[in-house]
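Secondary and tertiary structure notes
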Amino acid sequence: MRAIHLANYFVAGCIAFSLLGWVASLHLIACRAIAFLTAAAFTVWGLCWLLDFSVSSLLKISVSSLQAFLLALLAAGALGAGVFLCS
């Protein structure tokens, strides 16, 4: 995976998580729904990290590319959580 593609995924993830964090800070019901979706997404993220060889062969990418994508997703999620906590 090229670095430019990884940077694009990181920026898109930051935008998505920031938007979800902002929406969650506006309404209580939205906060609960987004908290559930975030928990489900990070459960899938953890399973992808634990089963990286199986997932990488399923997606037909290298393990290092999958791990780089998962780390970029984790960093984007951390920034989105920061937007949620600060707004």
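Being a predicted model, the structure only gives us computed values, none of them experimental. Think of each chain on its own: its residues are numbered from 1, step by step along the sequence as written. Local features in a predicted model are, by the rule used here, given only for residues with pLDDT of at least 70; side-chain atom pairs are given and counted only at 80 or more, and totals for whole chains, interfaces and linings are based on all residues. By convention in this description, side-chain values take in all heavy atoms of the structure and omit both hydrogens and water.

Points about the packing of aromatic side chains
A pair of Phe, Tyr and Trp rings is counted when the ring centres sit within 6.5 Å of each other, with Trp represented by its six-membered ring. The angle between the planes then sorts it: under 30 degrees is stacked, over 60 is edge-to-face, the rest tilted. By the definition in use, this model includes four aromatic pairs. Look at Tyr9 and Phe69: their rings are 5.3 Å apart centre to centre, the planes differ by 85°, and that puts the pair in the edge-to-face class. Of this pair, Tyr9 sits in helix α1 (residues 3-26) while Phe69 sits in helix α4 (residues 63-86), and the two are 60 residues apart along the sequence. For the ring pair Trp45 and Trp49, a centre distance of 5.8 Å and an interplane angle of 15° mean the geometry is stacked. With Trp45 and Trp49 both in helix α2 (residues 28-50) and four residues apart, this pair spans about one turn of that helix. Residue Trp49 is classed as partly exposed on the basis of its relative accessible area of 33%. Grouping aromatic residues by their ring pairs yields a cluster made of Phe17, Phe42, Trp45 and Trp49. Here a strand is any run of E in DSSP of at least two residues, a helix any run of H or I of at least four, and the numbering for each starts at the N terminus. Only protein chains enter the accessibility calculation, which uses a 1.4 Å probe; a residue is then buried when its area is under 20% of its type maximum, exposed when over 50%, and partly exposed in between.

Comments concerning the layout of surface pockets
The rolling of a water-molecule-sized probe over the atoms marks out the regions of remaining empty space. Buried and open spaces are told apart on a 1 Å grid over the protein atoms alone, a cavity being a set of points where a 1.4 Å probe fits but cannot get out and a pocket being an open set with protein on both sides within 12 Å along at least five of seven lines. Residues with an atom within 4 Å of a point are the lining residues. Grid points are joined across faces, edges and corners, and a volume is the space filled by probe spheres set on the points. Its boundaries defined by the atoms lining it, the largest pocket holds a volume of some 190 Å³. Taken together, 13 residues make up the lining of the largest pocket; nearest its centre are Gly21, Ile34, Thr38, Ala81 and Phe84. Residue assignment for the lining of the largest pocket shows that the elements contributing at least two residues are α1, α2 and α4. If you tally residues by element for the lining of the largest pocket, the top one is α2, at five residues. Three classes are used, and their members are as follows: Ala, Val, Leu, Ile, Met, Phe, Trp, Tyr, Cys and Pro are nonpolar, Asp, Glu, Lys and Arg are charged, and the others, Gly among them, are polar. The class makeup of the residues in the lining of the largest pocket is nine nonpolar, four polar and no charged.

It is worth stressing that arrangement in space is one thing and function is another; only the former is reported here.
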